Each structure stands twice: as structure tokens, then as C-alpha cells.
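# Close look at the chain arrangement
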Amino acid sequence: MLILPKFVYYEPRDMSEACKIMSDLNSNAKIIAGGTDILVNMKKGLLSPRYLVSIAKVSGLSEIGPVNGSISIGAHLIVAKLAEFEIIRKRLPSLAKAARALGSPLIRNRATIGGNIVTARPAADLPPPLLAMGAKVKLESVKGIREVALDDFFLAPGATIMRPDEILSRIVVDEMPPFTGSDYIKLGHRKSLEIAIVAVASRITLNSPDGVIKDAKVILSSVAPTAIHAVSAEKVLIGEKPTDALLEKAARLAGTDCTPITDIRGGAEYRCAMVEVLTKRTLLAAVKEAQG
Ligand SMILES: Cc1cc2nc3c(=O)[nH]c(=O)nc-3n(C[C@H](O)[C@H](O)[C@H](O)COP(=O)(O)OP(=O)(O)OC[C@H]3O[C@@H](n4cnc5c(N)ncnc54)[C@H](O)[C@@H]3O)c2cc1C
């Protein structure tokens, strides 16, 4: 059995105390949220922070609710809860679907939304629907708060724009406009405890129930170093009626927008073919939901 290295544990009660600790300890400290990722990496010897700062008891970080036309989600909200909240199931259903697809009941009951974002894994389940919704994240430190679009957050596998003293405190998603629909589909070898071979999140906004596509987002996951927009698919959809032929064309273009690798879970060619299939399916579901 792998043994955890020694560390000093902090348990601040509010954000200003947490930020002060992170600033004082400099880059020797790491945040621990659910611990499903960091403790595994520490046991494997990949990480050995001298200090762990738990955000489990920081007030407000597990709360969720509407704020000025947006839905604000605390970074310490556990993944199992995300899928249960009515505000998420009704207003951001593809995020609830992604939460239900993450790991296993054991992992979902510990893992947090903030941890899933900060790990910046190319196959993480929650970033694709959040990117499709144009989510922003709030990063806090003793120097202040900055709000960053999730589109600008990820740099490479495991790398983000966060500074070592910053804490991701909230995820903010604007209320979806009328006639909007979304979907997320994850393809894995098994139904649970599976990292995606390919996953796609789509969001469609129509100008009226039987109108043209006003806005389109197609996010591809597990087929590039970070989750990416299928830019040519998004472009071809906007301003058009959502016919079967159009969705087919967008799906084909999405298959050319990705740059997957071949690994033990799937070949590059297979992944591109699956991007096409999942894009078509998520677009069909998103359009159906948008049409009401
Ligand atoms: C068996 C198993 C199966 C898994 N299956 C999946 C899966 O299907 N899909 C998937 O996406 N992931 C999966 N994971 C990965 C992992 O569980 C998730 O990424 C999880 O959401 C991480 O959240 P956490 O709260 O446990 O993060 P932690 O392990 O506590 O932290 C992860 C990293 O993020 C940092 N961090 C966490 N929160 C913050 C914050 N608020 N501010 C700043 N830094 C922060 C930590 O310092 C650490 O570097 C799996 C892991 C295991 C062990």
C-alpha cells in the first residue's frame, strides 16, 4: 500500500483567512478540496506539498444560487450534489448530466466542481458543458479577485493560468437565453469509473422555436491537450435553420477540428469518427430541447 508523505494541515473558516495562509506559505502549499486527485498523486509520489490547505470549512464555498441573472456555484460543491440541485437540473441540464457521468458514487460524493476544473485534465467531465455555457471562474488571493472566462483558463494538460496563491472560489454561468438547449455525451469503454475516450458538449440557442440558430457552441473533450471548441462546426451552424443536413455537416466539420492522440483507450482515427457521431447526437438533443 502506498503511504502519504508528511504534511501540515490547515483548515481556514473563511476566504480571507484561506487567502492569507496561501500567501504566507507561498508555493509550498496546495489546496485540498475533495482530495480524490491530490491524495492519489501524493501517494504515487508525484506531488509532495509541505502544507495542505483544506477549503472544506470555508463558509459559502458549497453554496449555489441565482445572482444578478447568473447562477453562481461555490467551488467546493461536491459533484453528487450538482446533479441533484433543481436549479442545475432545470437550467443547466447538460452540467447535471456530466456530473452524473463522473467517476463512481464514491468519487462523486467527495470530488468537487472546483477540483475537477483546476486539475485541467484533458478528459475531465465538467469543463465541456461549462465551456459550452460560457462559464467564468472567480480566482481569489490577498491581491484581490479576478474573474476569468473558462475559455482563457486552461493552458495544457494539468496547467492553468492560476497563480500558486490563488483559490478558485466560484463558477459563474449566465442564465441561458430563451429557446436554448444543451447536451453532453461521454463515450467510455465502461459505464462507470471511466475516463472519456471522447466526450462532446453542445449548446444551441434559436431565435424562436421554429427559427434559425442564433448561437452555437460545440466543445470536444479528450481529443486535444485541453477541451476545445469545434470552431468550424460552430461557424457553419450560426444563422441557419437546424435541419438534419446542417447538423450532419457540422458534425463532419467537428471531426476535422480535433487533434487526438492514439493511446490505450482509442486510436486517433476512431476518436475523430466518434467526435462526428457524438456531435450529431448532442446537436440533435440540444435543438430538440431548444424547440421546446
Ligand atoms: C477512481 C477515480 C475515478 C475518476 N473518474 C473521473 C471521471 O470519470 N471524470 C473526471 O472528470 N474525473 C475523474 N477523476 C478525477 C477526480 O476525481 C476529479 O477531477 C475531481 O473532480 C477532483 O476534485 P477534488 O475536489 O477531489 O480535487 P482535489 O483532489 O482536492 O484537488 C485537485 C487539484 O485541484 C486543486 N484545487 C482543488 N480545488 C481548488 C480550488 N477551489 N482552488 C484552487 N485549487 C484547487 C488542488 O490543489 C489539486 O491540485 C477520477 C479520480 C479517481 C481517483
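We now turn to the structure provided with this report. Note that the coordinates shown come from a computational prediction; the quantities given were computed from them, not determined experimentally. (Residues numbered from 1 in each chain as written. Predicted model: local features only at pLDDT ≥ 70, side-chain atom pairs only at ≥ 80, totals over all residues. Heavy atoms only, no water.)

Before going further, it helps to examine the environment of L106. By the secondary structure assignment, L106 is in helix α6 (residues 105-108). What makes L106 exposed here is its relative accessible area of 70%. Spatially, the C-alpha atom of L106 lies 9.7 Å from that of T36, the residues being 70 residues apart in sequence. (Helix = DSSP H or I, 4+ residues; strand = E, 2+ residues; numbered from the N terminus. Buried < 20%, exposed > 50% of the residue type's maximum accessible area, 1.4 Å probe, protein only.)

With that settled, consider the nonpolar core. Nonpolar side chains tend toward joint burial in soluble globular proteins. If you look at the biggest cluster of nonpolar residues, it comprises 42 residues, and the most contacted ones within it are I73, I117, L126, L130 and I171. If one sorts the elements of this core by residue count, helix α5 (residues 93-101) sits on top with four residues. Those residues in contact with I73 that lie beyond four places of it in its chain are E63, I64, L82, I88, L95, I113, S169, R170 and I171. Within the second largest apolar cluster, 27 residues are counted, among which are I185, V198, M274 and A290. (Core = buried A, V, L, I, M, F, W, Y, C linked by side-chain atoms within 4.5 Å. Contact = heavy atoms within 4.5 Å.)

What follows deals with the site of the ligand. Looking at the ligand, there are 30 residues lining it, with I31, A33, T36, T112 and D125 nearest. The contact in question runs from a nitrogen atom of the ligand to an N or O atom on the backbone of L168, over 2.9 Å. Computed on the free molecule, the ligand has an accessible area of 980 Å², of which 90% lies beneath the protein chains in the complex. More than half of the atoms of the ligand fall within 2 Å of the grid points belonging to the largest pocket. Elements with a contribution of two residues or more to the shell around the ligand: β2 (29-32), α7 (113-118) and β10 (167-174). Taken together, the residues that form the shell around the ligand break down as 16 nonpolar, eight polar and six charged. (Near = heavy atom within 4 Å. Polar contact = N/O pair within 3.5 Å; in protein donor to acceptor, adjacent residues only side chain to side chain. Areas by Shrake-Rupley, 256 points an atom, 1.4 Å probe, with all protein chains shown as cover. 1 Å grid on protein atoms, 1.4 Å probe; cavity = no way out; pocket = protein on both sides within 12 Å on 5 of 7 lines; lining within 4 Å. Sits in = over half its atoms within 2 Å of the grid points. Nonpolar A, V, L, I, M, F, W, Y, C, P; charged D, E, K, R; others polar.)

Approximately 1300 Å³ is the volume attributed to the largest pocket. In terms of lining, the largest pocket is formed by 46 residues, of which the most central are D37, I38, G115, V118 and T119. When contributions to the lining of the largest pocket are tallied by element, the ones reaching two or more residues are β2, α2 (38-43), α7, β9 (159-160) and β10. A class-by-class count of the residues in the lining of the largest pocket yields 24 nonpolar, 13 polar and nine charged. (Points joined across faces, edges and corners; volume = space filled by probe spheres on them.)

Okay, the sheet that holds β10 next. The strands making up a sheet are joined through hydrogen bonds of the backbone, oriented either antiparallel or parallel. Taken together, the five strands give an open sheet; going across it, the order is β4-β5-β10-β6-β7, and neighbouring strands pair in antiparallel fashion. Edge positions in the sheet fall to β4 (64-67) and β7 (144-149), since each has one partner strand and no second. Pairs of neighbouring strands in the sheet enclose a mean axial angle of 25°, with direction left out of account. Sheet topology places β4 next to strand β5 (residues 70-74); four bridges connect them, and they run antiparallel. Its bridge partner lying in β5, V67 is registered against S70. Against the sheet, helix α1 (residues 15-25) makes contact with β6 (136-141) and β10, and its axis sits at roughly 130° relative to β10, the strand it touches most. (Pairing = 2+ DSSP bridges. Axes fitted to C-alpha atoms, helices over the stretch in contact; angles between N-to-C directions.)

On to a nonpolar patch on the surface. Where nonpolar side chains cluster on the molecular surface, the patch consists of L4, F7 and Y9 and spans about 260 Å² of accessible area. When you line up the elements, L4 lands in the segment before β1 (8-10). (Patch = residues over 30% accessible without salt bridge, like charges linked within 9 Å, V, L, I, M, F, W, Y side chains within 5 Å. Salt bridge = Lys/Arg side-chain N within 4 Å of Asp/Glu carboxyl O.)

Scanning the model with the defined rule gives two aromatic pairs in all. When the ring of F153 is compared with that of F154, the centres are 5.2 Å apart and the planes differ by 90°; the resulting orientation is edge-to-face. Neither F153 nor F154 differs from the other in exposure class; each is buried. (Phe/Tyr/Trp six-rings, centres within 6.5 Å; stacked < 30°, edge-to-face > 60°.)

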